[in-house]
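# Notes for the structure review
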Amino acid sequence: MLKSTDITRVLSCYDLGSIEGIAATGHGFVNETAIVVTRQGRFVVRRNHYRFSLASVCYRHRLIDHLCQRSFPTARLIQNKNGSTVTIIDGRIYEVQEYVHGTDFDPGCPGQVMEVGATLACYHQAVLDLPPPEDGTLPRYAPARITSLTEGLYERDVMGELHADLAWYDGRAAALRAILSDHTYEALPRVLIHGDMHPDNVRFAGDRVVALLDFDQVERDARIVDLADALVGFTTRVLPSEAASWGVFRGPLDIPQAVNLVCSYSHAAPLLPGEVAALPALIEVLWLRGELGRVISTPDGAPDYHAAVLAQGRRLSEWMQQHAPILINRWSKAAIGRIGALAA
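Keep in mind the model is a prediction, meaning the values are calculated, not measured. (Residues numbered from 1 in each chain as written. Predicted model: local features only at pLDDT ≥ 70, side-chain atom pairs only at ≥ 80, totals over all residues. Heavy atoms only, no water.)

With 14 residues, helix α9 (residues 255-268) ought to run about 20 Å at 1.5 Å a step, and its terminal C-alpha atoms sit 20 Å apart, in line with that. Looking at α9, one finds that the buried residues are Ile 255, Gln 257, Ala 258, Val 259, Leu 261, Val 262, Ser 264, Tyr 265 and Ser 266. The N-cap residue of α9 is Asp 254: its side-chain oxygen and the backbone nitrogen of Gln 257 are 3.0 Å apart. (Helix = DSSP H or I, 4+ residues; strand = E, 2+ residues; numbered from the N terminus. Expected span 1.5 Å × (residues − 1). Buried < 20%, exposed > 50% of the residue type's maximum accessible area, 1.4 Å probe, protein only. Polar contact = N/O pair within 3.5 Å; in protein donor to acceptor, adjacent residues only side chain to side chain.)

Structure follows, in structure tokens:
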């Protein structure tokens, strides 16, 4: 946790005036952050987690500067007295950003959902000419990710209580590989994805997005990975039965909202037919990975609890299998309509 003494030391490296107030931030689980009010305004001080190297922090700062130069809505980094956006004290990496005034996402505002789609498309276009960081990771939502998770759980489930559930996950992973093969995934258009498109990272003023934040998980992957994350994060239809469970997700997609988000994205960056066809499979992988990850991260959980978590993933998967044709049809009409408008 950032202490007032830490913040005072950090701000002594900046020309931001004397400190008038300090408050804890409402979001963030990895890095330590605090809101600081000085005579020059309101700022966010961040101490980066140990896992982030200096090179990765510098790359992220380069990305944020790249976006700011293109007037993309995000929080500007503040330079210290040496003209750098990176401040190192006692081996820890700090940074200061402007504070963006805004409100949280309101699921009852359809205009915000559409604005998320448009903003995501603008982000993808803004980073097209930015070289990505070097990485050789497996694509985030490749079906093989499911199998790698079940393998570890089979080894841990020595009594076999979850074997039947895990066998279903393996079977579904095989079916998803038939839909979304490695070759098909590799052919999807790639960009520097944001990698963490969920409501905590977007600030609004009315329906307008005033800031997309938190670029810690950027990597080169299929651009519809961000779209899948956004659909789950911003268009989930909350079901009381799901909300009461201990699973990761609160329900399936709200179809009209999901169509609105994709339509808004396609208006700025038309989707290819292959992307539209692959999107439901990516969302399924996202859901199944999430539930498997919850089981892995709770090794002391009772077998009944783990079975309930895995059952939620199965229900979501079955929902998508039933509704994928409807979604693909409606998303395709949006994408085709936009491509036709551009051609005209």
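This next bit is on the nonpolar core. A general tendency of soluble globular proteins is for nonpolar side chains to be buried together. Tyr 123, Leu 227, Ile 283, Trp 287 and Trp 331 are the most contacted members of the largest nonpolar core, which has 78 residues in total. In terms of residue count, the dominant contributor to this core is helix α10 (residues 273-296) (12 residues). In this structure Tyr 123 touches Leu 63, Leu 67, Phe 72, Leu 192, Ile 193, His 194, Leu 212, Phe 215, Val 218 and Asp 226, once residues within four positions along its chain are discounted. Counting 14 residues, the second largest nonpolar core, distinct from the first, contains Leu 2, Tyr 14, Leu 16 and Ile 89. (Core = buried A, V, L, I, M, F, W, Y, C linked by side-chain atoms within 4.5 Å. Contact = heavy atoms within 4.5 Å.)

With that settled, consider unusual backbone geometry. A positive phi angle, near 60 degrees, is found at Ser 71, a position not held by glycine. Tracing the sequence through the fold places Ser 71 in the loop between α2 (54-69) and β4 (87-89). Not every positive phi belongs to a glycine, and Asp 90 is a case in point at roughly 50 degrees. The topology assignment puts Asp 90 in the loop between β4 and β5 (92-98). Since its relative accessible area comes to 66%, Asp 90 is described here as exposed.

Taken together, 5 strands build an open sheet; the order of strands is β1-β2-β3-β5-β4 and the sheet is antiparallel. Each edge of the sheet is formed by a strand with only one pairing partner; in this case those strands are β1 (19-24) and β4. Mean inter-strand twist for the sheet, computed between neighbouring axes without regard to direction, equals 30 degrees. Here 3 bridges tie β4 to β5, and the two strands are oriented antiparallel to one another. Each residue of the ladder has a partner; that of Ile 88, found in β5, is Ile 93. Its contacts with the sheet put helix α1 (residues 4-11) on β1, β2 (32-38), β3 (41-47), β4 and β5, and the angle it makes with β1 is roughly 130 degrees. Its contacts with the sheet place α2 against β3, β4 and β5, and it is angled at close to 15 degrees to β5. (Pairing = 2+ DSSP bridges. Axes fitted to C-alpha atoms, helices over the stretch in contact; angles between N-to-C directions.)

Their axes nearest at 11 Å, the elements helix α5 (residues 163-179) and α10 cross at an angle of 155 degrees. By the criterion of interaxial angle, the relationship of α5 to α10 is roughly antiparallel. Crossing of α5 over α10 shows left-handed handedness. Seen from α5, the contacting residues are Leu 166, Trp 168, Tyr 169, Arg 172, Leu 176 and Ile 179; seen from α10, they are Ala 281, Glu 284, Val 285, Leu 288, Glu 291 and Leu 292. (Parallel < 35°, antiparallel > 145°, perpendicular 65-115°, else oblique. Left-handed = near helix turned anticlockwise from the far one by under 90°.)

Secondary-structure assignment places Ala 311 in helix α11 (residues 303-343). Assessed through its relative accessible area of 27%, Ala 311 is described here as partly exposed. Measuring from C-alpha to C-alpha, the distance between Ala 311 and Glu 291 comes to 8.8 Å, with 20 residues separating the pair along the chain.

Taken as a whole and assessed by the stated rule, the structure comprises 17 salt bridges. Salt-bridge contacts for Arg 92 lead to Glu 32; the nearest nitrogen and oxygen are separated by 3.7 Å. Taken together, the residues Arg 92 in strand β5 and Glu 32 in strand β2 connect sequence positions 60 residues apart. Between Arg 46 and Asp 216 there is a salt bridge, with its nearest N and O atoms 2.7 Å apart. Residue Arg 46 is located in strand β3, and its partner Asp 216 is located in the loop between β8 (208-212) and β9 (219-222); the two are separated by 170 residues in the primary sequence. Residues Arg 46 and Asp 216 agree in their burial class; the two are buried. Among the charged side chains, a network of salt bridges with common partners joins Asp 6, Glu 32, Arg 47 and Arg 92. (Salt bridge = Lys/Arg side-chain N within 4 Å of Asp/Glu carboxyl O.)

A volume near 1,600 Å³ is recorded for the largest pocket. Sorting the residues of the lining of the largest pocket by element identifies β2, β3, α2, β5, α7 (223-234) and α10 as the ones contributing at least two each. Broken down by element, the residue count for the lining of the largest pocket peaks at 5 residues, all from α10. Grouping the amino acids of the lining of the largest pocket by side-chain chemistry returns 17 nonpolar, 17 polar and 16 charged. (1 Å grid on protein atoms, 1.4 Å probe; cavity = no way out; pocket = protein on both sides within 12 Å on 5 of 7 lines; lining within 4 Å. Points joined across faces, edges and corners; volume = space filled by probe spheres on them. Nonpolar A, V, L, I, M, F, W, Y, C, P; charged D, E, K, R; others polar.)

Another aspect to go through is the packing of helix α4 (residues 144-156) against α5. Packed helices, taken two at a time, are described by their axes: the angle between them and the distance between them. Put simply, α4 and α5 touch, their axes get as near as 9 Å, and they point 160 degrees apart. Between α4 and α5, the angle is such that the two are roughly antiparallel. In terms of crossing hand, the pair formed by α4 and α5 is left-handed. Contacts between α4 and α5 involve Ile 146, Thr 147, Thr 150, Leu 153 and Tyr 154 on the former and, on the latter, His 163, Leu 166, Ala 167, Tyr 169, Asp 170, Ala 173, Leu 176 and Arg 177. Across the contact of α4 with α5, the residue classes break down as 8 nonpolar, 3 polar and 2 charged.

Function-wise, these values are silent; they only describe arrangement.
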